[in-house]
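What follows is each chain in one-letter form.
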Amino acid sequence: MNNATTLYDKLWNSHVVDEQEDGTCLVYIDRHLVHEVTSPQAFDGLRNEGRNVRRPDLTLAVADHNVPTTDRDKQIDDEESRIQIEALERNCTDFGVELYSMKDIRQGICHVVGPEQGFTLPGTTLVCGDSHTATHGAFGSMSFGIGTSEVEHVLATQTLLLTKCRNMRVTVNGTLPNGITAKDLILAIIGKIGTAGGTGAAIEFTGDALKSLTMEGRMTVCNMTIEAGARVGLFAPDEKTFEYLKGRPKSPKGAAWEAAVEYWKTLKTDETAIFDEEIVMDVSEIKPQVTWGTSPEDVVAIDGCVPDPDRETDINRRNKMERSLEYMGLTAGMPMTDIKINTAFIGSCTNSRIEDIRAAASVIEGRKVAHGVQALVVPGSGLVKEIAEQEGLDQIFIEAGFEWREAGCSMCLAMNADKLGPGERAASTSNRNFEGRQGPGGRTHLVSPAMAAAAAVKGHLVDLNDLD
Amino acid sequence: MEKFNTLTSVAAPLPLINVDTDMIIPARFLKTIKRTGLGADLFSTLRFNQDGTEREEFVLNKPAFRNSEILIAGKNFGCGSSREHAPWALLDFGIKCVIAPSFADIFYNNSSKNGILLIKLPQEQIDKLTEDAELGANATMTINLEAQEITGPDGDIIKFEVDSFKKHCLMNGLDDIGLTMAKSDKIAAFEARQNIIVA
Ligand code: SF4
């Protein structure tokens, strides 16, 4: 019998507290990130039942979805946003949970903050009431998004009732060429397997092209695993992982660090392990990607054209394509690079880390934002912002005509004041191009940071190779 | 949580694939700190024009379907954001059951934790039910969770599968937290033996 296990199996097996007859397992949760939008009803639930937070020491809270990205010294204008943020503050005080408040330099998007603080560690289980929690899988952590009832369950019991995912592996072979980023890889993968292709799966990412990514790049890939329908995305931890984590505020120190690294080195898929599904791609098939429709699977290469629904044989899919094109205001056959934009957004938990900001800055340097385009950079955390400012990147953006903002989710989901107007079109480094995601009637094209920066300069989607 | 037993209602057909949770309830309505009141904004962009008036052509605005408690949808329903506001909005509007060829994972969990029954059926059966549903107000369906059966307007019966633990919780209106807290000894024992590196 083959006893070989995958990385996901190992993470799962080491966290099962109890197994029910039907196979549902009670799984221990090592890390819980909490934010203002999906937690108030959970804390209220605890209060109503007279329950406590079982392990406040394993819980970390930060306000990110709703926070304004401009003047932080003022009170928040939007009353409902303010109430939600105040509720988080009150809940954290009442239940003894550590919170990075809006004035704290460590504040930022929860999926940027966790790794940055060393809260995210290999071999852990990590959850958050947010679907992009898969981001943390870049460290070899079994991380996934949950709903508010589950947030309450974790707060009260530090466990969750789960059924195991199937094992899926995505291998991208080859040497990553210049100009192809982690964002292009994951968009191409989603384009290949579809938004439901990973349903019920934990995906392990491997192959030379993927393994050559930095930690930031791996986070970008894992972040969008959910856009392929999978709950968990994983990279096996390696030297890059350890180097990234070493010395972070919440990483283990001294002898504990040495012991941790020894353990983390064992976290990898056995050579003979069998996956339920394997996808193999070669990086030479992948060009810079951009979305044309209203689902992240609607991708084409930047040198391609808007696809033609008449060529689609599946009726449901054809209807969806027609609807998307109407919403997006595009016609079949039009070259992607002819699409004009009003807005460029560089930010979100997908692409707001220092490396992303650097990539965008290198495109912008010495250039100007096109007339009539609003361009903004929203760093992923106060610390990312600080590093960028130390490197002088803020000045490059400001001189080019970009707005340089405070950390938060911002235009990724348009809960704060940053949003698209009806019919406005954005080149965005975020992760979802759903109808209305960036504001009612707003139109989103998902791209990498360098491509968003280039689009800001040209006023239309552009192939980086054509930037003079 | 309310107990789910049988449900008889007209079913509203919404034959769209990849209906995401942003479509079910857009982010701008997530600023509430309560679970109730979200029904008014359910499917906001599909249901209303930009000036706030209703779009006549949207199924839940048609007189026959305004009080539907069952929704019949396309594959991968509930994809995207983990917001539990999506099932809360459905429930607050009055939808207690969604039938589709497939559901996104997180939405699936969130729904059953709020007493909404999600039924997965093959596309051909969905097509048949969609046709039935399109008959409108006189075409009620009955869902019997205990028997795992849907009885269509013509009396035809369709069987469905449901996870036994979810069925038990739905039928008894059980809250998992209470059940798990009864296992706190096991949790404490796990914590005691757990690798200190990660704790
Ligand atoms: S940046 Fe966007 S996707 Fe990421 S956590 Fe915030 S809202 Fe969610």
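Residues numbered from 1 in each chain as written. Chains lettered and ligands numbered in written order. Predicted model: local features only at pLDDT ≥ 70, side-chain atom pairs only at ≥ 80, totals over all residues. Heavy atoms only, no water.

1. Here's the deal with the overall build of chain A
In step 1: Regarding its fold elements, chain A presents 15 helices and 19 strands.
In step 2: Taken over the C-alpha trace, chain A has a radius of gyration of 22 Å; the compact-globule value for 468 residues is 23 Å, and the two agree within 12%.
In step 3: Overall, chain A is about 60 × 55 × 45 Å in size when its C-alpha atoms are taken along their principal axes.
In step 4: Counting all 468 residues of chain A, 66% fall into the buried class.
In step 5: For chain A, restricting intrachain contacts to residue pairs at least 6 apart in sequence, the fraction spanning at least 24 positions comes to 76%.
In step 6: Within the structure as shown, chain A displays about 15,800 Å² of accessible surface, and the carbon and sulfur contribution to it stands at 46%.
In step 7: A distance of 1 Å separates the average location of the 46 positive side-chain charges in chain A from that of its 69 negative side-chain charges. (Helix = DSSP H or I, 4+ residues; strand = E, 2+ residues; numbered from the N terminus. Rg over C-alpha atoms; globule rule 2.2 N^0.38 Å. Buried < 20%, exposed > 50% of the residue type's maximum accessible area, 1.4 Å probe, protein only. Contact = heavy atoms within 4.5 Å. Areas by Shrake-Rupley, 256 points an atom, 1.4 Å probe, with all protein chains shown as cover. Lys, Arg positive; Asp, Glu negative; His and termini not counted. Charge placed at Lys NZ, Arg CZ, Asp CG, Glu CD.)

2. Let's talk about unusual backbone geometry
In step 1: Backbone geometry places A:Ala414, a non-glycine residue, at a positive phi of 55 degrees.
In step 2: As for its placement among the helices and strands, A:Ala414 is situated in the loop between strand 17 (403-404) and strand 18 (425-428).
In step 3: Judged by its relative accessible area of 4%, A:Ala414 falls in the buried class.
In step 4: Here B:Gln148, not a glycine, exhibits a phi torsion of approximately 55 degrees, which is positive.
In step 5: Looking at where B:Gln148 falls in the secondary structure, it is placed in the loop between strand 5 (140-144) and strand 6 (149-151).
In step 6: Given a relative accessible area of 17%, B:Gln148 falls into the buried group.

3. Looking at the state of the cysteines
In step 1: Applying the stated criterion to the full structure yields zero disulfides over all chains.
In step 2: The thiol of A:Cys92 is unpaired, and the distance to the nearest cysteine sulfur, on A:Cys128, comes to 12 Å. (Disulfide = S-S within 2.5 Å.)

4. A closer look at the sheet that holds strand 11 (residues 232-234) of chain A
Residues and elements named next belong to chain A.
In step 1: Pairing within the open sheet is parallel, and its four strands lie in the order 11-10-9-12. Two strands in the sheet have a free side with no partner beyond their single neighbour: strand 11 and strand 12 (277-282). Direction aside, the axes of adjacent strands within the sheet are offset by 20 degrees on average.
In step 2: Examined bridge by bridge, strand 10 (residues 201-206) and strand 11 share three bridges and lie parallel to one another. Residue Ala-202 lies in a different strand from strand 11, and its bridge partner there is Val-232.
In step 3: Packed onto the sheet, helix 6 (residues 182-193) meets strand 9 (166-173), strand 10 and strand 12 and runs at close to 130 degrees relative to strand 12. (Pairing = 2+ DSSP bridges. Axes fitted to C-alpha atoms, helices over the stretch in contact; angles between N-to-C directions.)

5. Topic: the nonpolar core
Most often, soluble globular proteins have nonpolar side chains that are buried together.
In step 1: Counting residues in hydrophobic clusters, the biggest one holds 87 residues, and the most contacted among them are A:Phe397, A:Phe402, B:Phe43, B:Phe77 and B:Leu90.
In step 2: Per-element tally for this core: the top contributor is helix 15 (residues 449-458) of chain A, with eight residues.
In step 3: Aside from chain neighbours lying at most four places away, what touches A:Phe402 is A:Ile346, A:Ile364, A:Val369, A:Ala375, A:Leu376, A:Val377, A:Phe397, A:Ala453 and A:Ala456.
In step 4: With 81 residues, the next largest nonpolar core counts A:Cys25, A:Phe139, A:Met168 and A:Leu187 among its residues. (Core = buried A, V, L, I, M, F, W, Y, C linked by side-chain atoms within 4.5 Å.)

6. Considerations on the interface of chain B and chain A
In step 1: In this assembly, 54 residues from chain B lie in contact with 74 residues from chain A.
In step 2: Across the chain B to chain A interface the summed buried area is about 5,300 Å²; carbon plus sulfur atoms make up 57%.
In step 3: Our enumeration of links across chain B and chain A arrives at eight salt bridges.
In step 4: A salt bridge links B:Asp22 to A:Arg437, with the nearest nitrogen and oxygen atoms 3.0 Å apart. (Buried area = accessible area lost by both parts, 1.4 Å probe. Salt bridge = Lys/Arg side-chain N within 4 Å of Asp/Glu carboxyl O.)

7. Notes on the site of the ligand
In step 1: Around the ligand sit A:His65, A:Ile109, A:His111, A:Asp130, A:His132, A:Ser348, A:Cys349, A:Cys409, A:Cys412, A:Leu413, A:Asn431 and A:Arg437, and that is every residue in its neighbourhood.
In step 2: Of the residues that constitute the shell around the ligand, the class distribution is five nonpolar, five polar and two charged. (Near = heavy atom within 4 Å. Nonpolar A, V, L, I, M, F, W, Y, C, P; charged D, E, K, R; others polar.)

8. Describing the packing of helix 12 (residues 354-364) of chain A against helix 14 (residues 393-400) of chain A
Residue and element names in this part refer to chain A.
In step 1: Where helix 12 contacts helix 14, the axes come no closer than 10 Å and their chain directions differ by 45 degrees. Compared by their axis directions, helix 12 and helix 14 come out oblique. In this structure, the crossing between helix 12 and helix 14 has a hand that is left-handed. Contact residues: Ile-354, Ile-357, Arg-358, Ala-360, Ala-361 and Ile-364 in helix 12; Leu-393, Ile-396, Phe-397 and Ala-400 in helix 14.
In step 2: For the contact of helix 12 with helix 14, the residue count by class is nine nonpolar, no polar and one charged. (Parallel < 35°, antiparallel > 145°, perpendicular 65-115°, else oblique. Left-handed = near helix turned anticlockwise from the far one by under 90°.)

9. Brief notes about helix 14 of chain A
Residues and elements named next belong to chain A.
In step 1: Taken together, the buried positions of helix 14 are occupied by Leu-393, Asp-394, Ile-396, Phe-397 and Ala-400. Taken end-on, helix 14 shows its buried residues confined to a sector of 160 degrees, consistent with a single buried face.
In step 2: Residues of helix 14 that are buried sit in contact with helix 12, strand 16 (374-377), helix 13 (382-390) and strand 17.
In step 3: With its phi angle positive at about 105 degrees, Gly-401 sits one or two positions after the end of helix 14. (Arc of directions from axis to C-beta.)

10. Observations concerning the packing of helix 3 (residues 85-93) of chain B against helix 4 (residues 105-112) of chain B
Residues and elements named next belong to chain B.
In step 1: The N-to-C vectors of helix 3 and helix 4 enclose an angle of 50 degrees; their axes lie 9 Å apart at closest approach. For the element pair helix 3 / helix 4, the angle class is oblique. The two elements helix 3 and helix 4 meet at a crossing, and its hand is right-handed. Residue-level contacts link Ala-86, Pro-87 and Leu-90 of helix 3 to Phe-107, Asn-110 and Ser-111 of helix 4.

11. Examining the confidence of the model for chain B
Any segment with low pLDDT has predicted coordinates that should not be analysed in fine detail.
In step 1: Averaged over chain B, the pLDDT score is 92; the fraction of residues at 70 or greater is 97%.
In step 2: Taken over the whole predicted complex, pTM reads 0.93, whereas the ipTM for its chain interfaces reads 0.89. (pLDDT = per-residue confidence, 0-100.)

12. Some points on the sheet that holds strand 3 (residues 31-34) of chain A
Residues and elements named next belong to chain A.
In step 1: Read across the open sheet, the five strands follow the order 5-4-3-6-7; overall the sheet is parallel. Where the open sheet ends on each side, the last strands, each with one partner, are strand 5 (98-100) and strand 7 (142-145). On average, each strand axis in the sheet is inclined to that of its neighbour by 20 degrees, with strand direction left out of account.
In step 2: Bridge analysis of strand 3 against strand 6 (residues 125-128) gives three bridges, and the strand direction is parallel. What sits directly across from Arg-31, in strand 6, is Leu-126.

13. Re the environment of A:Thr429
Residues and elements named next belong to chain A.
In step 1: Mapped onto the secondary structure, Thr-429 falls in the loop between strand 18 and strand 19 (443-446).
In step 2: Given a relative accessible area of 0%, Thr-429 falls into the buried group.
In step 3: Put simply, Thr-429 and Thr-214 are 215 residues apart on the chain and 18 Å apart in space, counted from C-alpha to C-alpha.
In step 4: Once residues lying within four places of it in the same chain are set aside, the contact partners of Thr-429 are Lys-183, Phe-345, Ile-346, Gly-347, Ser-348, Thr-350, Asn-351, Val-447, Ser-448, Pro-449 and Ala-452.

14. A look at the packing of aromatic side chains
In step 1: Scanning the model with the defined rule gives 13 aromatic pairs over all chains in all.
In step 2: Consider the rings of A:Phe139 and A:Tyr244, whose centres lie 5.3 Å apart with planes at 65 degrees: the pair is edge-to-face. Here A:Phe139, found in the loop between strand 6 and strand 7, pairs with A:Tyr244, found in helix 9 (residues 239-245); they are 105 residues apart in sequence, far enough to count as distant.
In step 3: The class of A:Phe139 is buried, set by a relative accessible area of 0%.
In step 4: Within the aromatic cluster, the residues linked to one another by ring pairs are B:Phe77, B:Phe103, B:Phe107 and B:Tyr108.
In step 5: We note A:Arg31 situated over the ring of A:Phe119; from NZ or CZ to the ring centre the distance is 5.5 Å.
In step 6: Over the face of the ring belonging to A:Tyr244 we find A:Arg248, whose NZ or CZ atom lies 4.0 Å from the ring centre. (Phe/Tyr/Trp six-rings, centres within 6.5 Å; stacked < 30°, edge-to-face > 60°. Lys NZ or Arg CZ within 6 Å of the ring centre and 35° of its normal.)

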